[in-house]
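What follows is each chain in one-letter form.
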Amino acid sequence: MWLAAVAAAPLSLARRLPCSRRLRFLGPPPPPPLLLLLRRRLSLCLGRRLHSLGPAAAMPEKRPFERLPTDVSPINYSLCLKPDLLDFTFEGKLEAAAQVRQATNQIVMNCADIDIITASYAPEGDEEIHATGFNYQNEDEKVTLSFPSTLQTGTGTLKIDFVGELNDKMKGFYRSKYTTPSGEVRYAAVTQFEATDARRAFPCWDEPAIKATFDISLVVPKDRVALSNMNIIDRKPYPDDENLVEVKFARTPIMSTYLVAFVVGEYDFVETRSKDGVCVRVYTPVGKAEQGKFALEVAAKTLPFYKDYFNVPYPLPKIDLIAIADFAAGAMENWGLVTYRETALLIDPKNSCSSSRQWVALVVGHELAHQWFGNLVTMEWWTHLWLNEGFASWIEYLCVDHCFPEYDIWTQFVSADYTRAQELDALDNSHPIEVSVGHPSEVDEIFDAISYSKGASVIRMLHDYIGDKDFKKGMNLYLTKFQQKNAATEDLWESLESASGKPIAAVMSTWTKQMGFPLIYVEADQVEDDRVLKLSQKKFSASGPYCGDDCPQWMVPITISTSEEPNEAKLKILMEKTEMSVILKNVKPDQWIKLNLGTVGFYRTHYSSSMLESLLPGIRDLSLPPVDRLGLQNDLFSLARAGIVSTVDVLKVMEAFVNEPNYTVWSDLSCNLGILSTLLSHTDFYEEIQLFVKDVFSPIGERLGWDPKPGEGHLDALLRGLVLGKLGKSGHKPTLEEARRRFKDHVDGKQILSADLRSPVYLTVLKHGDSTTLDIMLKLHKEADMQEEKNRIERVLGATSPPELIQKVLTFALSEEVRPQDTVSVIGGVAGGSKQGRKAAWKFIKDNWEELYNRYQGGFLISRLIKLSVEGFAVDKMAAEVKAFFESHPAPSAERTIQQCCENILLNAAWLKRDAESIHQYLLERKASQPTV
């Protein structure tokens, strides 16, 4: 699943992204700068071990939980559902072929928000036995069917008639509101079952390891489209109502319940066949079939790519990709019927920006990877979720690089996933990649940057360590051995070890079973013609040098490059101890040494001052490769946040990027300056850091200009949007004046803004605008036909400054004008827009908690809302206030997020106390030394 990147990034941070739930970080991606920010959000790492919050620093208490008994299990579900799109209810009939493995007088299944009318069990060749009681265990989402006599071992048929509600919670079998081309409001019936919500659509054994086949039928209005995992095999009039039809679908392969899906609504589609003969369709809102063509092209290229990479064919006859109006995640990989937010699937050739195209390509790549890795072979239990999501979050980039090499997507991976994961994993309240999961309320907590982004990063490191040839061989072994079955992390290691002959399990267990990652300290000495390096590792902690007695240790694949061949590894080693020495032969005294070529190893590097000094010219003259320039700067920034190096030193390094041409390097720099700006919004010299931002970004802004030049491509468009947004927000006068001029022409219809310029222009005019500006933006929102444009506007509304307008935006967030999943983006944008916005957003959340929690309870959106709204605070007492509020207003699925937010607030406060004065002095001295105009 792709977890959609929620929110307008706190505008004071930067600007942009994506989750399957890409969680792989909701809307069309914010313009790229935000892509980072959403995914790397303010894990502001600062200066001391944090135990002052008492119990909040401890992990959430595990709730008692037992998996389903194994005495009865399903072989096949024959399921017929009849949704009522007016009353928002549904009727269901289930006939499940089941195996009684151990004699029993009861059957325990998962069931939530469903009323069972009748239930019976008929042993094969024997009489039907009617259940005499239904005992609902609502807390555990189970039902126990009791029978008057013992069910003997063997096969039989379990029949259940039931009714349920088409809820408005974006989980289970739910209703999704849409507007027809004529303006009429109607509802579709759609599903979202991962992780544990199939039980809201039908009673079932709702655990990933309890696989079965499915024969699905839907009774629907005859003028509606009905879809499920498989192709339609029959469609006939429904005997009891001439306005209905019964649609039957082919039997599925053996699969897990969370991958079942059905959709009933009004849609157009575009279709093609992949070169392997698979029918590919993209379903769109009525009248918008043209907007499905880009995703169709990507999907048609992607299926054969994965088939060739895994050397395993796609196992179904068709695959449908469909845009759902109300959808909590970014997308969901249901086998053969992949569901998406509209903004993760639809591209308007004229009105979609470059970052939206890229986002759609990544999300399509992510979900289609799951058709093999997750659907064909499924994790045995949610503890191994990272296997699904980490792998898909890595290979989506491999796929997009294949389809769109011009995107330079692997450099973007470092900024969007790798550094985001490191920020979260440096916290005391992080968790290992493999985390024990029991009760359903705990599952949503692990759809986070550790499962997705750290998982993807360690897979990328592993791929580099093994080599592509042996990696592909191992993947084929794994998928072939476990197809239509379930697997655990160790099974993948065994296959890769068999293919490569390397100690994969020993190396990777240090990365998946313990939280955190190492900081590699490196010093160098010249000994005649050789360079001798002394390496040591310690756990990297956001609160400063790790001082624990039980310091964990990793087996770290390390690559070392030199200025002689910056793109080639001079040496590759596996660091298995806490300290080691390495001799690099024939390295001249004037050559620089760089660890972690390509920023592939999941660690940070702390160079001696002389080694760092020798690397800085490689930034200025661009002899260091882009991804290494990015990694060097990002490591330094994180070391500063942790109090290991001075923030002033990092600001000096940032000034060395004046000649930087690479979009992703600028994007990461922008994110870090945004984080620093948010921190300094708590001081009285916020304007000084804005002056620094203008000085850093002005030269590249002048080189780029406002309009595309001949020969420019995708990355130039992303860079221009990033730079103009950064300059406009910081109050750069020429940018502000031009943005206002172009905005007026856009509103007047004289010259419509290109899609790539809309976010930076909207942001700039709102940040420096008044009530009239906000009213115009809200009018543009109301008139927008594309959800991408609505989301683009929603994400920047929080930039507005006057207190009364901030309140207006917050009220708008909960209005009917904003789709439920997008409310989080609007509130998060307000919290990130300014210091005043942060306070107002937090008060708004407290005042409207009951409504917000009722809307998002139990889903990952509640965690997103909390994170976006409070993590920018930098005062110790705010951590205590946040902790106290959630003690009296529990949000079980967000417990870990709340602890991480409180930790980050304390880290921010420590950073501010430690470095604020020296930053202020540096900015004043720098300002005084500049010539006055």
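Rules used throughout
Residues numbered from 1 in each chain as written. Predicted model: local features only at pLDDT ≥ 70, side-chain atom pairs only at ≥ 80, totals over all residues. Heavy atoms only, no water. UniProt positions renumbered as here; feature names shortened; annotations may be inferred. Helix = DSSP H or I, 4+ residues; strand = E, 2+ residues; numbered from the N terminus. Rg over C-alpha atoms; globule rule 2.2 N^0.38 Å. Areas by Shrake-Rupley, 256 points an atom, 1.4 Å probe, with all protein chains shown as cover. Lys, Arg positive; Asp, Glu negative; His and termini not counted. Charge placed at Lys NZ, Arg CZ, Asp CG, Glu CD. Pairing = 2+ DSSP bridges. Axes fitted to C-alpha atoms, helices over the stretch in contact; angles between N-to-C directions. 1 Å grid on protein atoms, 1.4 Å probe; cavity = no way out; pocket = protein on both sides within 12 Å on 5 of 7 lines; lining within 4 Å. Points joined across faces, edges and corners; volume = space filled by probe spheres on them. Domains from an automatic or database assignment. Phe/Tyr/Trp six-rings, centres within 6.5 Å; stacked < 30°, edge-to-face > 60°. Buried < 20%, exposed > 50% of the residue type's maximum accessible area, 1.4 Å probe, protein only. Lys NZ or Arg CZ within 6 Å of the ring centre and 35° of its normal. Contact = heavy atoms within 4.5 Å. Buried area = accessible area lost by both parts, 1.4 Å probe. Salt bridge = Lys/Arg side-chain N within 4 Å of Asp/Glu carboxyl O. Expected span 1.5 Å × (residues − 1). Arc of directions from axis to C-beta. Parallel < 35°, antiparallel > 145°, perpendicular 65-115°, else oblique. Left-handed = near helix turned anticlockwise from the far one by under 90°.

As recorded by an unreviewed UniProt entry, the protein carries the name Aminopeptidase and is attributed to Monodelphis domestica. Under the UniProt heading Sequence similarities (unreviewed entry), the entry covering the protein gives this text: "Belongs to the peptidase M1 family." Turning to the protein, the UniProt annotation filed under Subunit (unreviewed entry) states: "Monomer."

Colleague: How would you sum up the overall build of the protein? Please name residues and give values.
Modeller: Counting its secondary structure elements, the protein contains 27 helices and 29 strands. Compactness check: the protein gives a C-alpha radius of gyration of 28 Å against a globular reference of 30 Å for 933 residues, within 12% of the reference. As displayed, the protein offers around 31900 Å² of accessible surface, 50% of which is attributable to carbon and sulfur atoms. One way to put it: in the protein the 104 positive side-chain charges average out to a point 4 Å from where the 123 negative ones average out.

Colleague: Lay out the sheet that holds strand 14 (residues 244–249) in plain terms, naming residues and giving numbers.
Modeller: Across the sheet, which stays open at both edges, the 8 strands sit in the order 5-4-8-2-1-11-14-13 with mixed pairing between neighbours. Looking at the sheet topology across the chains shown, the edges are occupied by strand 5 (129–130) and strand 13 (232–237).

Colleague: Describe the sheet that holds strand 7 (residues 142–151), listing the residues and the values that go with them.
Modeller: The strand order 3-7-6 describes an open sheet built from 3 strands, whose pairing is antiparallel. Because the sheet does not close on itself, it has two edges, and the strands there are strand 3 (104–110) and strand 6 (133–137). When the angles between neighbouring strand axes are averaged without regard to direction, this sheet yields 25°. Bridging between strand 6 and strand 7 involves 5 bridges; their strand directions are antiparallel. Counted as the bridge partner of Asn 135 is Thr 144 from strand 7.

Colleague: Tell me about the layout of surface pockets, residues and numbers included.
Modeller: Estimated volume of the largest pocket: approximately 1200 Å³. Lining the largest pocket are 42 residues, with Lys 177, Tyr 178, Thr 179, Asp 326 and Arg 819 sitting closest to its centre. Residue assignment for the lining of the largest pocket shows that the elements contributing at least two residues are strand 9 (172–179), strand 10 (185–192), strand 18 (318–324), helix 20 (787–796) and helix 24 (849–856). Considering each element in turn, the lining of the largest pocket owes the most residues, 5 residues, to strand 9. Inspection of the lining of the largest pocket shows a minimum of three residues originating in each of domain 1 (68–265) and domain 3 (814–932).

Colleague: Outline the packing of aromatic side chains, listing residues and values.
Modeller: Enumeration over the complete set of coordinates arrives at 46 aromatic pairs. Plain terms: the ring middles of Tyr 397 and Phe 413 are 4.9 Å apart, the flat faces sit at 90° to each other, and that makes the pair edge-to-face. Here Tyr 397 is found in helix 4 (residues 385–403), whereas its partner Phe 413 is found in helix 5 (residues 409–425), with 16 residues between them in sequence. Neither residue differs from the other here; Tyr 397 and Phe 413 are each classed as buried. Over the aromatic face of Phe 65 sits the side chain of Lys 142, whose NZ or CZ is 5.4 Å from the ring centroid.

Colleague: I'd like a rundown of the domain arrangement of the protein, residues and numbers included.
Modeller: With domains assigned, the protein is organised as domain 1 (68–265), domain 2 (372–513) and domain 3 (814–932). With 4 residues of domain 1 in contact, the opposing surface of domain 3 contributes 9 residues. When the two sides are added together, the surface that domain 1 and domain 3 hide from each other amounts to roughly 450 Å², 47% of it contributed by carbon and sulfur. Among the residues domain 1 hides against domain 3, the three largest losses belong to Lys 169, Met 170 and Lys 177. Together they make up 81% of the total.

Colleague: I'd like a rundown of the pattern of salt bridges, residues and numbers included.
Modeller: Applying the stated rule across the entire model yields 55 salt bridges. The partner of Lys 454 in a salt bridge is Asp 425, and the shortest N-O contact between them spans 2.7 Å. With Lys 454 in helix 7 (residues 450–466) and Asp 425 in helix 5, this pair connects stretches of sequence that are 29 residues apart. Overall, Asp 425 belongs to the buried group, its relative accessible area being 0%. The salt bridge involving Asp 695 is made with Arg 926; its shortest N-O contact spans 2.8 Å. A residue pair is termed long-range when its members are at least 10 positions apart, and Asp 695 in helix 15 (residues 686–704) and Arg 926 in helix 27 (residues 895–929) qualify at 231 residues.

Colleague: Can you lay out helix 11 (residues 609–620) for me, pointing to particular residues and giving the numbers?
Modeller: When the terminal C-alpha atoms of helix 11 are compared, their 18 Å separation across 12 residues agrees well with the 16 Å that a helix rising 1.5 Å per residue should span. For helix 11, every residue scored as buried is listed here: Met 611, Leu 612, Leu 615, Leu 616, Gly 618 and Ile 619. Viewed along the axis of helix 11, the buried residues span an arc of 160°, placing them on a single side of the element. Residues of helix 11 that are exposed and angled more than 90 degrees away from the buried face: Ser 610 and Glu 613. Looking at the buried residues of helix 11, the elements they touch are strand 23 (518–527), strand 24 (530–539), strand 28 (593–595), strand 29 (604–607), helix 12 (626–641) and helix 13 (647–654).

Colleague: Lay out the packing of helix 22 (residues 823–833) against helix 25 (residues 860–870) with the relevant residues and their values.
Modeller: Where helix 22 contacts helix 25, the two axes come as close as 8 Å, and the packing angle between them is 15°. Taken together, the axis directions place helix 22 and helix 25 in an arrangement best described as roughly parallel. Like other packed secondary-structure pairs, helix 22 and helix 25 cross with a definite hand, here left-handed. Here Val 824, Ile 827, Gly 828 and Ala 831 of helix 22 lie close against helix 25, whose contacting residues are Leu 861, Arg 864, Leu 865, Leu 868 and Ser 869.

Colleague: Talk me through the UniProt feature "binding site: Zn(2+)" (unreviewed entry) in the protein; I want residue IDs and the actual numbers.
Modeller: Those residues carrying the UniProt feature "binding site: Zn(2+)" (unreviewed entry) are His 366, His 370 and Glu 389 in this numbering. Their sequence span is 24 residues, while the largest C-alpha to C-alpha distance among them is just 8.6 Å; these annotated residues converge on one region. Within the secondary structure, His 366 is located in helix 3 (residues 354–370). As for its placement among the helices and strands, His 370 is situated in helix 3. Judged by relative accessible area, which is 0%, His 370 ranks as buried.

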